[in-house]
Amino acid sequence: MLEAVIHLLGDRGLAGMSVEAVADRAGVSKATIYRHWSSKEALCVEAVACVVVESPAPCGEGPRVELRSLLLGVAAALERSDAGRLLPHLASAAATDPQLAQVWRLALVEPTHRRVAACLRRARDVGVLGPDADPDLLAELLLAPLFYRRLVTGRPARDGALVDDVLDAVWRAWPPTGGRGVTA
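These notes cover the structure that comes with them. (Residues numbered from 1 in each chain as written. Predicted model: local features only at pLDDT ≥ 70, side-chain atom pairs only at ≥ 80, totals over all residues. Heavy atoms only, no water.)

**Here we look at the overall build of the protein chain**
Phase 1 of the analysis: The helix and strand inventory of the protein chain stands at nine helices and zero strands.
Phase 2 of the analysis: When the elements of the protein chain are put in sequence order from the N terminus, they spell out α-α-α-α-α-α-α-α-α.
Phase 3 of the analysis: For the protein chain, buried positions account for 42% of its 184 residues.
Phase 4 of the analysis: Pairs at least 24 apart in sequence give 64% of the contacts found in the protein chain among residues at least 6 apart.
Phase 5 of the analysis: About 9,500 Å² of surface is accessible on the protein chain, with carbon and sulfur atoms providing 53% of the total.
Phase 6 of the analysis: Charge separation in the protein chain, taken as the distance between the mean sites of 21 positive and 22 negative side-chain charges, equals 2 Å. (Helix = DSSP H or I, 4+ residues; strand = E, 2+ residues; numbered from the N terminus. Buried < 20%, exposed > 50% of the residue type's maximum accessible area, 1.4 Å probe, protein only. Contact = heavy atoms within 4.5 Å. Areas by Shrake-Rupley, 256 points an atom, 1.4 Å probe, with all protein chains shown as cover. Lys, Arg positive; Asp, Glu negative; His and termini not counted. Charge placed at Lys NZ, Arg CZ, Asp CG, Glu CD.)

Laid out in structure tokens, this is it:
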């Protein structure tokens, strides 16, 4: 049933999906669905929570190489996974449904942010990023262009040049010396 929800959300969005359509696609009755979930929204919340974006494990070649690999994995997942396919619909629905927004953030957004921030923290701790680098802020700066491309421009996010450009910008702005690499 949850696979049917993911498929229908990706095709129709939350507004265009119905419990009846889920039942038809899953080959079950509406009563079966309502025995497990109280509403279409509750069903969607659980389906979204089940969508996990796997990204590559750190490769041990240093924080910047690991970070690049992680960002390329996120970019590819945004374009090719169920989560990426659902992203435009989730972003729209999350604007009006706080429960769905919270699940989306907990299941998809925060785990990715934590992995990127942890890699940046390692980079700062081993001295390849400046000591004043804020891993949480930098994680947002690195992930934002990927989501922007997926949600706003429609251009490919898995472009290695984009990842390299945003990494270069971060490394220039927070050099190992601790001083800003970019002047105003």
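**Describing the packing of aromatic side chains**
Phase 1 of the analysis: Under the definition given, this model contains zero aromatic pairs.
Phase 2 of the analysis: Arg-64 extends its terminal NZ or CZ atom over the ring of Trp-171, reaching a point 5.0 Å from the ring centre. (Phe/Tyr/Trp six-rings, centres within 6.5 Å; stacked < 30°, edge-to-face > 60°. Lys NZ or Arg CZ within 6 Å of the ring centre and 35° of its normal.)

The quantities given are spatial measurements derived from coordinates; they are silent on function.
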